[in-house]
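Reading the structure
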Amino acid sequence: MLKTRIITALILAPIAIGGIFFLPPLGFALFTAAIITLGAWEWANLSGIEGQGGRVVYAAVTAAILYGLLNVPAVAVLWPALVWWFIGFLLVRGYPAGSDQWGSVPVRAAMGLLVLVPAWVGLNHLRTGGLDFGLIDNSLWAILYVFCVVWVADIGAYFAGRAFGKAKLAPRVSPGKSWAGVWGGLVAVGVFAVIVSLLASADGLDTVLLVLASLFTGLVSVLGDLLESMLKRFRGIKDSSQLLPGHGGILDRIDSLTVAIPVFALIITQLGWLTAGQW
């Protein structure tokens, strides 16, 4: 299994890096739309759509929605997404209570659109927007930064959880996660944000704001993982698919990013560091 995971990672890493950091904006939009569409195909299964025909139709509808949002202002999608994730927090917090209200196939399918579509919008808003933070003016750095926030939070959570993880965060949803892991992840994210601010020569106020934005982004990234875990537990499956040998499905790799990206994009837009761009 470890060998398979490594081989898959070695194949996918250059594809992901090239697609995210070297494609022009429209190519980037198409590349990320393909990833989201595959994620939608997986989400259809989480929704309870078992037939391949239904899963393909759901993925196609998702792709059509993405196309329809190409020229829609990002904040018009990101603000409702923030509201949705608050609702998602309530659903995870109450599980299994309330599952009779959201457990139907249509509702779970709608949940998938609320998770995947804003992630794509936020990511492309970061790609096309103008960035102004300290000495940094290339928005590709903002994409790399939000990815790193999630990775740093995961690493901090892993080590803190192993060392101190007795009190469970959400045992009915994901028994492996602990409160110690959350706090460890946030400490790591805070340190990372300070280091980036120093490297960017940001002033004191912007440093504080970046730390706060990063801490909030790192905190809500946990929710993306928990929400998918809740859907998988309700559905009775371990992985969203087997598209990535040794890694499960695409959703299993991007679940935390689906909330971190739109939330971070919205925050830095409201702070004035990111302005809307054009294709």
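About the cut-offs
- Residues numbered from 1 in each chain as written.
- Predicted model: local features only at pLDDT ≥ 70, side-chain atom pairs only at ≥ 80, totals over all residues.
- Heavy atoms only, no water.
- Helix = DSSP H or I, 4+ residues; strand = E, 2+ residues; numbered from the N terminus.
- Rg over C-alpha atoms; globule rule 2.2 N^0.38 Å.
- Contact = heavy atoms within 4.5 Å.
- Areas by Shrake-Rupley, 256 points an atom, 1.4 Å probe, with all protein chains shown as cover.
- Lys, Arg positive; Asp, Glu negative; His and termini not counted.
- Charge placed at Lys NZ, Arg CZ, Asp CG, Glu CD.
- Polar contact = N/O pair within 3.5 Å; in protein donor to acceptor, adjacent residues only side chain to side chain.
- Pairing = 2+ DSSP bridges.
- Axes fitted to C-alpha atoms, helices over the stretch in contact; angles between N-to-C directions.
- Parallel < 35°, antiparallel > 145°, perpendicular 65-115°, else oblique.
- Left-handed = near helix turned anticlockwise from the far one by under 90°.
- Nonpolar A, V, L, I, M, F, W, Y, C, P; charged D, E, K, R; others polar.
- Salt bridge = Lys/Arg side-chain N within 4 Å of Asp/Glu carboxyl O.
- Buried < 20%, exposed > 50% of the residue type's maximum accessible area, 1.4 Å probe, protein only.
- Core = buried A, V, L, I, M, F, W, Y, C linked by side-chain atoms within 4.5 Å.

On a plain count of helices and strands, the chain comes out with 11 helices and 4 strands. In summary, the chain has a C-alpha radius of gyration of 18 Å against a globular reference of 19 Å for 279 residues, a match within 12%. Along the longest, intermediate and shortest principal axes, the C-alpha atoms of the chain span 50 × 45 × 40 Å. A fraction of 75% describes how many contacts in the chain between residues 6 or more apart in sequence connect residues 24 or more apart. Roughly 13,400 Å² of accessible area belongs to the chain as shown, and the carbon and sulfur atoms make up 71% of that amount. Both charge centroids of the chain, one from 16 positive and one from 13 negative side chains, sit 12 Å from each other.

Topologically, serine 241 is positioned in the loop between α9 (204-235) and α10 (250-254). Here the side chain of serine 241 touches glutamate 42 through a polar contact of 2.5 Å, side chain to side chain. Every residue in contact with serine 241, bar those within four places of it in the chain, is listed here: Trp41, Glu42, Gly248, Gly249, Ile250 and Asp252.

Right, let's talk about the pairing of strand β3 (residues 174-178) for a bit. Direction of pairing for strand β2 (residues 168-170) relative to β3: antiparallel, over a ladder of 2 bridges. From the neighbouring strand, lysine 168 faces β3, where its bridge partner is serine 178. The turn joining β2 and β3, which pair antiparallel and follow one another in sequence, is formed by 3 residues.

Below, the discussion takes up the packing of helix α2 (residues 25-47) against helix α6 (residues 105-128). The interhelical angle for the contact between α2 and α6, taken along N-to-C directions, is 165 degrees, at an axis separation of 10 Å. Classified by the interaxial angle, the pair formed by α2 and α6 is roughly antiparallel. Between α2 and α6 lies a crossing of right-handed hand. Between α2, through Pro25, Phe28, Ala29, Thr32, Ala33, Ile36, Gly39, Ala40, Trp43, Leu46 and Ser47, and α6, the contact on the second element is made entirely by Val105, Arg108, Ala109, Met111, Gly112, Val115, Leu116, Trp120, Leu123, Asn124, Arg127 and Thr128. Class assignment of the residues belonging to the contact of α2 with α6 gives a composition of 15 nonpolar, 6 polar and 2 charged.

This model, assessed by the stated rule, comprises 4 salt bridges. Note that glutamate 50 and arginine 235 form a salt bridge whose closest N and O atoms lie 3.6 Å from each other. Linking glutamate 50 in the loop between α2 and α3 (52-68) with arginine 235 in helix α9, this pair joins segments that are 185 residues apart in sequence. Judged by its relative accessible area of 60%, glutamate 50 is exposed. In this structure, the salt-bridge partner of lysine 177 is aspartate 225, at a minimum N-O distance of 3.0 Å. With lysine 177 in strand β3 and aspartate 225 in helix α9, this pair connects stretches of sequence that are 48 residues apart. Residue class for lysine 177 comes out partly exposed when judged on its relative accessible area of 24%.

Further remarks concern the nonpolar core. Within soluble globular proteins, side chains that are nonpolar tend to cluster in buried spots. Residues Trp43, Leu126 and Leu227 are the most contacted members of the largest nonpolar core, which totals 80 residues. What tryptophan 43 contacts, discounting residues up to four positions off in sequence, is Tyr58, Arg108, Ala109, Met111, Gly112, Val115, Leu116, Leu227, Leu231 and Leu251.

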